[in-house]
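So the chains spell out like this:
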Amino acid sequence: MNCLRLGISKNFNYLTMECRRLHLLKSQAYINGEWVSAGNKAVFPVTNPANDQLIVEVPDMDATDAQNAVSVATNAFQTWKDTTAKERSYILRKWFDMCQKNTDLLAEIITAESGKPLAESKGEVAYGNSFLEWFADTARHIDGEVIQSPWPNKQIILTRQPIGVVSIITPWNFPFAMITRKVGALMAAGCTCVIKPSEDTPLSALAAAELAEKAGVPKGVINVVTASRKNAAAVGKVMCEHPNVGCISFTGSTHVGKILYGMAASGIKRVSLELGGNAPFIVFPSADIEHALDNAMLAKFRNNGQACVGANRFFIHEDVYDQFVEGFKKRIGQKCILGPGTKEGVTCGPLINKMQADKVSNLVNDAVSKGAKPLIGGKFATDIGSKFYESTLLVDVKPEMNIYGEEIFGPVAVCLKFKTEDEVLKVANSTRSGLAAYVFTKDLGQSFRMSRKLEFGMVAINDGILSAAEPAFGGIKESGIGREGSKHGVEEYTDIKYTLFSALDK
Ligand code: SIN
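Everything quoted here is computed from the prediction, not taken from an experiment. (Residues numbered from 1 in each chain as written. Predicted model: local features only at pLDDT ≥ 70, side-chain atom pairs only at ≥ 80, totals over all residues. Heavy atoms only, no water.)

*Asks:* Mind laying out the overall build of the chain, listing which residues take part and the relevant values?
*Replies:* Secondary structure assignment for the chain yields 15 helices and 22 strands. For the chain, whose C-alpha radius of gyration is 23 Å, the value lies close to the compact-globule estimate of 23 Å for 506 residues. When its C-alpha atoms are laid out on the principal axes, the chain stretches across 75 × 65 × 40 Å. Across the 506 residues in the chain, those meeting the buried criterion constitute 57%. Within the chain, contacts between residues separated by at least 24 positions form 73% of all contacts whose residues are at least 6 apart in sequence. Accessible surface, the chain as shown: approximately 20300 Å² in total, 53% of it carbon and sulfur. (Helix = DSSP H or I, 4+ residues; strand = E, 2+ residues; numbered from the N terminus. Rg over C-alpha atoms; globule rule 2.2 N^0.38 Å. Buried < 20%, exposed > 50% of the residue type's maximum accessible area, 1.4 Å probe, protein only. Contact = heavy atoms within 4.5 Å. Areas by Shrake-Rupley, 256 points an atom, 1.4 Å probe, with all protein chains shown as cover.)

*Asks:* Before we move on, can you summarise the sheet that holds strand β18 (residues 436-440) with the specific residues and values?
*Replies:* Each strand in a sheet pairs with its neighbour through backbone hydrogen bonds, running either in the same direction (parallel) or in the opposite one (antiparallel). Reading across the sheet, the seven strands line up as β14-β15-β16-β13-β12-β18-β19 and stay open at both edges, with mixed pairing between neighbours. Each edge of the open sheet is held by one strand with a lone partner, namely β14 (373-376) and β19 (458-461). Sheet twist, expressed as the average angle between the axes of neighbouring strands with direction ignored, equals 25 degrees. Bridge count for β18 against β19 is four bridges, and the pairing is parallel. (Pairing = 2+ DSSP bridges. Axes fitted to C-alpha atoms, helices over the stretch in contact; angles between N-to-C directions.)

*Asks:* Lay out the packing of aromatic side chains with the relevant residues and their values.
*Replies:* Under the criterion given, the structure shown has 13 aromatic pairs. Aromatic pair Phe 281 and Phe 440: ring centres 4.7 Å apart, planes at 25 degrees, arrangement stacked. With Phe 281 in strand β12 (residues 279-283) and Phe 440 in strand β18, this pair connects stretches of sequence that are 159 residues apart. Here the two residues Phe 281 and Phe 440 agree in accessibility, since each one is buried. On the basis of an interplanar angle of 65 degrees and a centroid distance of 6.5 Å, the ring pair of Phe 301 and Phe 328 is categorised as edge-to-face. Of the two residues, Phe 301 sits in helix α10 (residues 289-301) while Phe 328 sits in helix α11 (residues 321-335), which places them 27 residues apart along the sequence. Each member of the pair, Phe 301 as well as Phe 328, carries the same accessibility label: buried. Over the ring of Phe 77 we find Lys 81; its NZ or CZ atom is 5.8 Å from the centre of that ring. For Lys 417, the ring lying beneath its charged end belongs to Tyr 321, and the centroid distance is 4.9 Å. (Phe/Tyr/Trp six-rings, centres within 6.5 Å; stacked < 30°, edge-to-face > 60°. Lys NZ or Arg CZ within 6 Å of the ring centre and 35° of its normal.)

*Asks:* Break down the site of the ligand for me, citing the residues and quoting the values.
*Replies:* Close to the ligand lie 13 residues, the nearest being Tyr 127, Arg 181, Arg 302, Cys 308 and Ser 467. Note that an oxygen atom of the ligand is positioned 2.9 Å from one of the side-chain N or O atoms of Arg 302. When the free accessible area of the ligand is taken as 260 Å², the share hidden by the protein chains comes to 100%. Judged by its atoms lying within 2 Å of the grid points, the ligand is housed in the largest cavity. For the shell around the ligand, a count of residues per class yields seven nonpolar, three polar and three charged. For the shell around the ligand, the domains that each give at least three residues are domain 1 (55-276 + 483-494) and domain 2 (279-430 + 436-468). (Near = heavy atom within 4 Å. Polar contact = N/O pair within 3.5 Å; in protein donor to acceptor, adjacent residues only side chain to side chain. 1 Å grid on protein atoms, 1.4 Å probe; cavity = no way out; pocket = protein on both sides within 12 Å on 5 of 7 lines; lining within 4 Å. Sits in = over half its atoms within 2 Å of the grid points. Nonpolar A, V, L, I, M, F, W, Y, C, P; charged D, E, K, R; others polar. Domains from an automatic or database assignment.)

*Asks:* So what's going on with the layout of surface pockets? Which residues, and what values?
*Replies:* Within this model, the largest pocket holds a volume of roughly 1100 Å³. If you go around the largest pocket, you meet 37 residues; those closest to its centre are Trp 172, Phe 250, Gly 252, Ser 253 and Val 256. At the level of secondary structure, the elements contributing two or more residues to the lining of the largest pocket comprise α8 (229-241), β10 (245-251), α9 (254-266) and α12 (354-369). Looking at which element gives the most residues to the lining of the largest pocket, the answer is α9, with six residues. Residue composition of the lining of the largest pocket, grouped by class: 13 nonpolar, 17 polar and seven charged. Here the lining of the largest pocket gathers at least three residues from each of two domains, domain 1 (55-276 + 483-494) and domain 2 (279-430 + 436-468). (Points joined across faces, edges and corners; volume = space filled by probe spheres on them.)

*Asks:* Tell me about a nonpolar patch on the surface, and please be specific about residues and values.
*Replies:* Taken together, the side chains of Trp 151, Tyr 498 and Leu 500 define a hydrophobic patch exposed on the protein surface, amounting to about 300 Å² of accessible area. Along the chain, the position of Tyr 498 falls in strand β22 (residues 494-501). Classification of Tyr 498 as partly exposed rests on a relative accessible area of 47%. (Patch = residues over 30% accessible without salt bridge, like charges linked within 9 Å, V, L, I, M, F, W, Y side chains within 5 Å. Salt bridge = Lys/Arg side-chain N within 4 Å of Asp/Glu carboxyl O.)

*Asks:* Before we move on, could you go through the packing of helix α14 (residues 421-428) against helix α15 (residues 444-453) and cite the residues and values that matter?
*Replies:* In contact at an axis separation of 11 Å, α14 and α15 are set at 25 degrees when each is read in the N-to-C sense. What the angle tells us is that α14 and α15 run roughly parallel. As for how α14 packs across α15, the hand of that crossing is right-handed. Along the contact surface, α14 presents Glu 421, Val 424 and Leu 425, while α15 presents Gln 446, Arg 449, Met 450 and Lys 453. Considered class by class, the residues forming the contact of α14 with α15 number three nonpolar, one polar and three charged. (Parallel < 35°, antiparallel > 145°, perpendicular 65-115°, else oblique. Left-handed = near helix turned anticlockwise from the far one by under 90°.)

*Asks:* Give me the lowdown on the pattern of salt bridges, citing residues and values where you can.
*Replies:* This structure, assessed with the given rule, holds 28 salt bridges. For Glu 241, the salt bridge identified is with Lys 237, shortest N-O distance 2.9 Å. Of this pair, Glu 241 and Lys 237 both sit in helix α8, four residues apart, which is roughly one turn of the helix. Note on Lys 237: relative accessible area 41%, which makes it partly exposed. For Asp 495, the salt bridge is made with Arg 270, and the minimal N-O distance between the two is 2.7 Å. Residue Asp 495 is located in strand β22, and its partner Arg 270 is located in strand β11 (residues 270-274); the two are separated by 225 residues in the primary sequence. Three or more residues are tied together by salt bridges with common partners; here these are Arg 181, Lys 182, Glu 274 and Glu 484.

Given below as structure tokens:
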């Protein structure tokens, strides 16, 4: 039995009550309503990033397993697409209820495999569940249109039809919510799916599938293919190129997004891509600085900086720069408590893996070697573990430093000074990313100008968090294609069918 080490206790006592309670901890993949191994029986380890210990081994599936999963989802689509919107809504609502009831267990799994503090994991479950609730409602409002015909005795109607099997590829930073956000929408639309969760965090996806089954989601509607980094490319290729797949929905890096987009092109597949960001956080002199600081903490240190919408560059007007930087340093010192996510009071966990941790450290080291100054942090917290990086505030950052233009994806805040609105707009927009932007001002005209002129898919005025099920989440430029959440989220998974009824006088 190898599935019981959640890193919750130092005393790894197999088959304790704690473990038996964790019936959501799965060690098999989920295809056609069955818990299955890889065809060739291969497995790979899922470890706890806080202590590097094994949580469980899961199937290391390959291209053949992925093909099988797409076939299963194709069969399930034949019946799921003909269910009524009311039936789909009912099932989604039951899935929502199951996830709500199991919030604590889901949160433990999220913390064990992603490292985030338990309170944040519970927040993620609430956030993820909000998509199931939202799409349970939305399912009943995927309406068509009756168009005024330009011809006599003819009638035009537009209906929305499910696109078919959807390939879902999800990241490790929100291992539960990124699944419900996509699967809630596609199920509401009448589609079925194959999910390939990140190799770092497949357990949240499997737990979500278990709860979906208990909620009555029919066999084959949701399938979860687990695969290690070694097999990810081969599995991804099947998921993008299989002729039965209608849409590829991916959240992750721009680099991988471009590869998937290229593969999708060969079959002219629909893509929904939520990719990297490089969010500016802009503070004007009229802003309530204390409020801006509270929100800077949220925008930067939510999930320890590992969020596409996380603030990446803090642009502070010269009149309030010193006040902001001083307040930021103080808050980081007081509020960023580093440690394993299961420990009471911890607000910042480990980074997900060694590669991410090294990337963050290299960005800081490069900046410091070129003259940047860490006012707090700036190094690994090796006394806690191998992937803990101190919450860091860097000043004196210059364009020639790598950290100036790259997405940091870690707990490092970079503060830069500006003088004018035009200047900050120019530099904030000088990136190929265009996901989220944050602006703090009390000037109404300025807030409208910034909303219009910032080249980002989402702009928050006087707030550091903009994620929810109700608004349309998504980016422009190299931050992605398509929108998630909102009434538009289901559009990614439907085609508009135009039907002409003619000869109505005959
Ligand atoms: C992401 O960072 O990938 C998503 C974050 C969110 O949904 O708020």
